[in-house]
Amino acid sequence: MKRGLLVLLLLAAGCGSGGQSSGGVTLTYGLWDDLQQPAYQKCADAFTKANPGITVKISQHAWDQYWQNLTTQMVAGGAPDVITMQASYYPQFAANGQLMDLQPLAEADKVDLSIYRPGLAEAWVKDGRRYGLPKDWDTMAVVYNRELAEKAGVDLSDLTWNPADGGTFEKAIARLTVDKNGKRGDEPGFDKTEVAVHGIVPELNDGSQGQNSWGNLAVSNGFSFIDKNPFGTRYFYDSPKLAETAAWFRRLIEKGYAPPYDKTSSLGVDAVLDAGKGALGMTGSWMITTYLGSKEQKFAFAPLPKGPQGRKTAFNGLADTIYSGTKHKDAAWKWVKFLGSPACQDIVAESAVVFPAITPSAAKALKAHEAAGRDVKLFVEQADDPDALYLLPVSDHADQINEIVSTALEEVWLGEKPAADALTTANTQVNALFGTG
């Protein structure tokens, strides 16, 4: 037997759709965030108590491995019965017929979609078919080392940004950058070749959407990803507004304010900041407990800087979907309904790891954070400001787009090509996928 086929069969047997347990049905539930697993285990326990014939087994793998496994499992015909899904990934699975259409089930059971924060439920509909029920949402912020900011005398509460000189955001970054002789980035004699602490550690290996870095600033500069969202067919990666933004990030590297891309692309921003080698970064609300629970540094959050078009933050939400090949469709639907209900989302809220999709549940999560002494209301304030939000693009060909744009941006970050040239070429390739190049 060929090794590749053997691997597929083993994966299908070990991680595939749930089977019959001695007492009834066992569903498998795919999840990538280990911090959320305890909360969802409580949901699973509550669900089984209400549905004694159904048991839920959580299959948790870290982000990269999660998607590698899922793609393989889909091909092998043995994906988890219920899958935690990200909006930019689901179109490719839906196009292959690998996800169930939940719309008839939702209509038959009169599922109230108005309970979810506006914009979340709509992202999961294509051609009248609904592929998921919302589970949570996130917005973005600046995360910074409190001690380093205090030493530098930097106030990060209301910064501005533009691609020409970086505004007060770049001034703060320069001030926070320190070389090995103690000289700051805004002081005479600063040595950009011997930096001890970088003012910013941007997550530049961030795919085609830049949720954790360039995307937020590009949109604040007037950039739009796509002609319609969800499911547009023309991208605008050749926009001068994006090229200006990417060029600004490259200049941060050249000035020594940000670490060289090839030296940090394999490291997580949180690891670099936790080691005290960086002063600030950009992150999402799902990372709250990671940073505020650090035993090495004291972190806090500040709003993203205001760009020429105001302050903009990516707004994204996950959903729970059903594998079309499941042998237990009725049980899987019951579990997805429970995951999308206040009964489960209130349990998730108590864990204060993410903000649930149901608005009252998200309010409970904020109270849980406050009770734990965590000041994170800015994430909710941004979500409540429609002018500050933009939805991450959802379209077909997401995996190919990610590869094309990531490759182009790496050329920019490494200084191999000017941003405008690399992104214009990439945009032509991306739109060719839709026949709109």
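Relevant structure appears above.
Residues numbered from 1 in each chain as written. Predicted model: local features only at pLDDT ≥ 70, side-chain atom pairs only at ≥ 80, totals over all residues. Heavy atoms only, no water.

## Let's talk about the overall build of the protein chain
Stage number 1. A count of helices and strands for the protein chain gives 18 helices and 15 strands.
Stage number 2. A globule of 437 residues ought to have a C-alpha radius of gyration of about 22 Å, and the protein chain, at 22 Å, matches this closely.
Stage number 3. With respect to the three principal axes, the spread of C-alpha positions in the protein chain is 75 × 50 × 45 Å.
Stage number 4. Of all 437 residues assigned to the protein chain, the portion counted as buried reaches 54%.
Stage number 5. In the protein chain, the share of contacts with a sequence separation of at least 24, taken over all contacts with a separation of at least 6, comes to 72%.
Stage number 6. Here the protein chain has roughly 18,600 Å² of accessible surface; of this, 50% comes from carbon and sulfur atoms.
Stage number 7. Separation of charge centres in the protein chain, based on 41 positive and 51 negative side chains, amounts to 3 Å. (Helix = DSSP H or I, 4+ residues; strand = E, 2+ residues; numbered from the N terminus. Rg over C-alpha atoms; globule rule 2.2 N^0.38 Å. Buried < 20%, exposed > 50% of the residue type's maximum accessible area, 1.4 Å probe, protein only. Contact = heavy atoms within 4.5 Å. Areas by Shrake-Rupley, 256 points an atom, 1.4 Å probe, with all protein chains shown as cover. Lys, Arg positive; Asp, Glu negative; His and termini not counted. Charge placed at Lys NZ, Arg CZ, Asp CG, Glu CD.)

## Section: the pattern of salt bridges
Stage number 1. For the structure shown, the criterion picks out 15 salt bridges.
Stage number 2. For Asp384, the salt bridge identified is with Arg117, shortest N-O distance 3.1 Å. Placement of the pair is Asp384 in the loop between helix 16 (377-383) and strand 15 (389-391) and Arg117 in the loop between helix 5 (103-108) and strand 5 (125-126), with a sequence separation of 267 residues.
Stage number 3. For the salt bridge of Asp158 with Arg311, the shortest nitrogen-to-oxygen distance reads 3.3 Å. Residue Asp158 is found in the loop between helix 6 (146-152) and helix 7 (167-176), and its partner Arg311 is found in the loop between strand 12 (299-302) and strand 13 (313-322); the two are separated by 153 residues along the sequence.
Stage number 4. Taking the relative accessible area as the measure of exposure, Asp158 reaches 46% and is therefore partly exposed.
Stage number 5. Taking relative accessible area as the criterion, Arg311 reaches 22% and is therefore assigned partly exposed. (Salt bridge = Lys/Arg side-chain N within 4 Å of Asp/Glu carboxyl O.)

## Re the side chain of Thr321
Stage number 1. For Thr321, the location among the structural elements is in strand 13.
Stage number 2. Once residues within four sequence positions are removed from consideration, Thr321 is found in contact with Asp81, Val82, Ile83, Met85, Leu99, Trp124, Tyr131, Gly132 and Val336.

## With respect to the nonpolar core
Stage number 1. Counting residues in each nonpolar core, the largest one holds 62 residues, and the members touching the most others are Phe169, Trp214, Tyr237, Phe249, Leu280 and Trp413.
Stage number 2. In contact with Phe169, not counting residues within four places along its chain, are Leu159, Thr160, Trp161, Ile200, Leu217, Trp248, Leu280, Met282 and Pro305.
Stage number 3. Ala106, Tyr116, Val272 and Phe379 belong to the second largest nonpolar core, which has 58 residues in total. (Core = buried A, V, L, I, M, F, W, Y, C linked by side-chain atoms within 4.5 Å.)

## Digging into the environment of Gln86
Stage number 1. Tracing the sequence through the fold places Gln86 in strand 4 (residues 82-86).
Stage number 2. Separated by 183 residues in the primary sequence, Gln86 and Val269 place their C-alpha atoms 21 Å from one another.
Stage number 3. Leaving out residues up to four positions away in the same chain, Gln86 has contacts with Trp32, Trp63, Trp67, Trp124, Asn316, Leu318 and Leu392.
Stage number 4. A polar contact is formed between the side chain of Gln86 and the side chain of Ser88, at a distance of 2.4 Å. (Polar contact = N/O pair within 3.5 Å; in protein donor to acceptor, adjacent residues only side chain to side chain.)

## Examining the state of the cysteines
Stage number 1. With the rule as written, the count across this model stands at one disulfide.
Stage number 2. Between the sulfur atoms of Cys43 and its disulfide mate Cys344 the distance is 2.3 Å. Looking along the S-S bond of the Cys43-Cys344 disulfide, the torsion reads about 95 degrees, which is the right-handed sense. Taken together, the positions of Cys43 in helix 2 (residues 37-50) and Cys344 in helix 14 (residues 342-351) put the pair 301 residues apart, joining distant regions of the chain. (Disulfide = S-S within 2.5 Å.)

## Here's the deal with the packing of aromatic side chains
Two aromatic rings, taken as a pair, are described by how far apart their centres are and by the angle between their planes.
Stage number 1. In this structure the tally under the stated criterion is 32 aromatic pairs.
Stage number 2. Relative to Trp67, the ring of Tyr66 lies with its centre 5.0 Å away and its plane at 85 degrees, an arrangement referred to as edge-to-face. Like Tyr66, the residue Trp67 is buried in the burial classification.
Stage number 3. Aromatic pair Tyr291 and Phe299: ring centres 5.2 Å apart, planes at 75 degrees, arrangement edge-to-face.
Stage number 4. Taken together through their ring pairs, the aromatic side chains of Trp214, Phe223, Phe225, Tyr235, Tyr237, Tyr390 and Phe434 make up a single cluster.
Stage number 5. Note that Arg117 overlies the ring of Trp137, its terminal NZ or CZ placed 4.8 Å from the centroid. (Phe/Tyr/Trp six-rings, centres within 6.5 Å; stacked < 30°, edge-to-face > 60°. Lys NZ or Arg CZ within 6 Å of the ring centre and 35° of its normal.)

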